[in-house]
Every structure is written in C-alpha cells, then in structure tokens.
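# A look at the structure
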Amino acid sequence: MSTAVADRRFKTIAGHSTAHAAAPSMTFADLIGRVLVVDDNPRARQSMADALLAAGHEVVAAASAIEGLRLTGQQHFDVI
C-alpha cells in the first residue's frame, strides 16, 4: 500500500475528510491505547497480546466472547 493511500485511510478513520483536511497533528504516543484481545486459541491470544504489548499498548486478554463481554462492562477499551 502506498503512503498516500495509507495516509488517506488514516485520515478517514480518524474522522477527517480525505479531500480537504490537513494531516492530523498526532504523535505515536497518541495512538497507544487499551486493547481487549478475545480469542479461544491460547497461542493466538498470547501471540497477539505479546505483539501489542511490544508496541506499547495496554492489553487485556479474554479466552471467550462471554469473558470479553463481561470485561467490556467493567472496563473501557479503545480497541476490541
């Protein structure tokens, strides 16, 4: 994917118009968040959690959809 395409996709996702908006003034630190990983496969769940932790995110892992739903009722997550 070209940088221009990736940049347009980011602006759209961030809620900015791709046609007329200047690039958002965000830093890498602004993109760090709380992530809930839900997977019933322990290896997949741990691999994803490890990768997200290495990228600097705060990670909570759930082994089932029921556990994930319970956690969303108790905590705030930026991404699930």
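First, a word on scope: everything that follows refers to the structure included in this document. This one's a predicted model, so the numbers in the text were calculated from it and none came from an experiment. (Residues numbered from 1 in each chain as written. Predicted model: local features only at pLDDT ≥ 70, side-chain atom pairs only at ≥ 80, totals over all residues. Heavy atoms only, no water.)

### A few points about the overall build of the chain
Looking only at helices and strands, one finds 3 helices and 2 strands in the chain. Counting from the amino terminus, the chain carries its helices and strands in the arrangement α-β-α-β-α. Put simply, the chain has 80 residues, and 21% of those count as buried. Total accessible area on the chain is roughly 5,700 Å²; 58% of this is exposed by carbon and sulfur atoms. (Helix = DSSP H or I, 4+ residues; strand = E, 2+ residues; numbered from the N terminus. Buried < 20%, exposed > 50% of the residue type's maximum accessible area, 1.4 Å probe, protein only. Areas by Shrake-Rupley, 256 points an atom, 1.4 Å probe, with all protein chains shown as cover.)

### Quick notes on the pattern of salt bridges
Throughout the structure, instances matching the rule amount to 1 salt bridge. In this structure, Glu58 and Arg34 form a salt bridge, with 2.3 Å as the shortest nitrogen-oxygen distance. Of the two residues, Glu58 sits in strand S2 (residues 58-62) while Arg34 sits in strand S1 (residues 34-38), which places them 24 residues apart along the sequence. (Salt bridge = Lys/Arg side-chain N within 4 Å of Asp/Glu carboxyl O.)

### Considering the environment of Val35
By the element assignment, Val35 lies in strand S1. You can call Val35 buried: its relative accessible area is 8%. In this structure Val35 touches Leu52, His57, Glu58, Val59, Val60, Phe77 and Val79, once residues within four positions along its chain are discounted. (Contact = heavy atoms within 4.5 Å.)

### Some details on the pairing of S1
Within S1, 4 of the 5 residues are buried, leaving the element largely enclosed by the surrounding structure. The pairing of S1 with S2 spans 5 bridges and is parallel. The residue of S2 that forms the bridge with Val38 is Ala62. For the crossover that starts at S1, traverses helix H2 (residues 42-54) and ends in the parallel S2, the hand is right-handed. (Pairing = 2+ DSSP bridges. Right-handed = clockwise from strand over helix to strand, strands pointing away.)

### A look at the side chain of Arg45
Following the sequence through the fold, Arg45 ends up in helix H2. Buried and unpaired, Arg45 has no salt bridge, with Asp39 as the nearest side chain of opposite charge at 5.7 Å. Setting aside chain neighbours within four positions, we find Arg45 in contact with Val37, Asp39, Asp40, Ala61, Ala62 and Ala63. (Lys, Arg positive; Asp, Glu negative; His and termini not counted.)

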